[in-house]
Amino acid sequence: MLSIDTLKIGQKLTNIELYKVFGCGNSGGMRRAKKTNSLIIISSHVESIYDDRWDGDVLLYTGMGQNRDQSLEFNQNKTLNESAVNGVQVFLFEQFKVNEYTYLGLVELLGQPYTEQQLGQNGLLRTVYIFPLKLKAGER
């Protein structure tokens, strides 16, 4: 049976499987699951406004919020920003196809998030937070 404990690096899950395994919401790139004390991060390369990108082995992950300036005091941005001290495990998935999420492993925040300008869903420039994330030791 599929569970958090049986996830393997490179394993592909559907949206419904993510929901069932973690008890998280079924949409969005950052999905908080209080039932499993986890945060699911999805770096989507399928029609996404977010400019997530790899810099070597560091994922520069864009925070939550599609329009207007983002905040570190807002929902999952706050959870991810405080993940080193709040006990929440952060699971990384990457998406290249609709309804297919590839598990990459547990990640940790490598340093302080920083800001940059990106276009929002409404086409207007806004300030977003970029979270430098690195796979935990032994995850890749």
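Everything numeric in this text was worked out from a predicted model, so none of it was measured.

Participant: Just checking my understanding: could you explain the layout of surface pockets for this structure?
Facilitator: Over the atoms rolls a probe the size of a water molecule, and in doing so it shows where empty space is left. Considered as a void within the structure, the largest pocket measures approximately 470 Å³ in volume. For the lining of the largest pocket, a count of residues per class yields nine nonpolar, 12 polar and three charged.

Participant: Whenever I open this one, the pattern of salt bridges confuses me. Can you help?
Facilitator: Where side chains of opposite charge bring their charged atoms close, a pairing between them can arise. Enumeration according to the criterion identifies four salt bridges in this entry. Notably, a salt bridge pairs Asp57 with Lys134, separated by 2.8 Å at the nearest N-O pair. With Asp57 in the loop between strand E4 (53-55) and strand E5 (58-62) and Lys134 in strand E9 (residues 125-135), this pair connects stretches of sequence that are 77 residues apart. For Asp57, a relative accessible area of 42% puts it in the partly exposed group. Across the salt bridge formed by Glu73 and Lys78, the nearest N and O atoms sit 3.9 Å from each other. Owing to a relative accessible area of 60%, Glu73 belongs among the exposed residues under this scheme. Judged by relative accessible area, which is 32%, Lys78 ranks as partly exposed. Sharing partners across several salt bridges, the network here consists of Asp51, Arg53 and Glu116.

Participant: What should I look at first to understand unusual backbone geometry in this one?
Facilitator: Negative phi is the rule for most residues except glycine; trans is the rule for most peptide bonds. One non-glycine residue, Arg68, adopts positive backbone phi at about 65 degrees. As for its position among the elements, Arg68 is in the loop between E5 and helix H2 (75-81). The residue Asn99 is not glycine, and still its phi comes out positive at about 60 degrees. For Asn99, the location among the structural elements is in the loop between strand E6 (89-97) and strand E7 (100-109). On the accessibility criterion, Asn99 (38% relative accessible area) is partly exposed.

Participant: What is the right way to look at the pairing of strand E8 (residues 114-119) in this model?
Facilitator: Side chains on a regular strand alternate between the two faces of the sheet. With six bridges connecting them, E8 and E9 associate as antiparallel partners. Of the residues in E9, the one forming a bridge with Glu116 is Val128. Counting the residues that bridge the hairpin from E8 to E9 gives five residues, and of these Gly123 lies at a positive phi of roughly 85 degrees.

Participant: Even after reading the chapter, I still don't get the nonpolar core, so can you show me in this structure?
Facilitator: Grouped burial of nonpolar side chains is what soluble globular proteins tend to show. In terms of nonpolar packing, the biggest core is built from 16 residues, with Leu39, Ile41, Tyr61, Leu80, Leu92 and Leu133 touching the most fellow members. Mapped onto this core, the elements with two or more residues apiece are strand E3 (38-44), E5, E6, E7 and E9. With four residues, E9 is the single largest residue contributor to this core. Among all residues touching Tyr61, those that are not within four sequence positions of it are Gly29, Met30, Ile41, Ile42, Ser43, Asp52, Leu80, Tyr129, Ile130, Phe131 and Leu133. Leu13, Leu18, Ile40 and Tyr101 belong to the second-largest nonpolar core, a separate cluster that totals 14 residues.

Participant: Would you take a moment to explain helix H1 (residues 15-22) for this structure?
Facilitator: Note that an α-helix has 3.6 residues per turn; residues three or four places apart therefore point the same way. Turning to H1, its buried residues number three or more, namely Asn15, Leu18, Val21 and Phe22. Along the long axis of H1, the arc covered by the buried residues comes to 130 degrees, so they all point the same way. Across H1 from its buried face, at more than 90 degrees, point the exposed residues Ile16 and Lys20. Directly beyond the C-terminal end of H1, a positive phi value near 75 degrees is found at Gly23.

Participant: What am I meant to see in the packing of aromatic side chains here?
Facilitator: Given two aromatic rings, their pairing is described by the distance between the two centres and the angle made by the two planes. Counted by the stated rule, this structure contains four aromatic pairs. An aromatic cluster is defined as three or more aromatic residues linked by ring pairs; in this entry it consists of Phe22, Phe91, Phe93 and Tyr103. Over the face of the ring belonging to Tyr101 we find Arg31, whose NZ or CZ atom lies 5.7 Å from the ring centre.

What counts and what doesn't
- Residues numbered from 1 in each chain as written.
- Predicted model: local features only at pLDDT ≥ 70, side-chain atom pairs only at ≥ 80, totals over all residues.
- Heavy atoms only, no water.
- 1 Å grid on protein atoms, 1.4 Å probe; cavity = no way out; pocket = protein on both sides within 12 Å on 5 of 7 lines; lining within 4 Å.
- Points joined across faces, edges and corners; volume = space filled by probe spheres on them.
- Nonpolar A, V, L, I, M, F, W, Y, C, P; charged D, E, K, R; others polar.
- Salt bridge = Lys/Arg side-chain N within 4 Å of Asp/Glu carboxyl O.
- Helix = DSSP H or I, 4+ residues; strand = E, 2+ residues; numbered from the N terminus.
- Buried < 20%, exposed > 50% of the residue type's maximum accessible area, 1.4 Å probe, protein only.
- Pairing = 2+ DSSP bridges.
- Core = buried A, V, L, I, M, F, W, Y, C linked by side-chain atoms within 4.5 Å.
- Contact = heavy atoms within 4.5 Å.
- Arc of directions from axis to C-beta.
- Phe/Tyr/Trp six-rings, centres within 6.5 Å; stacked < 30°, edge-to-face > 60°.
- Lys NZ or Arg CZ within 6 Å of the ring centre and 35° of its normal.

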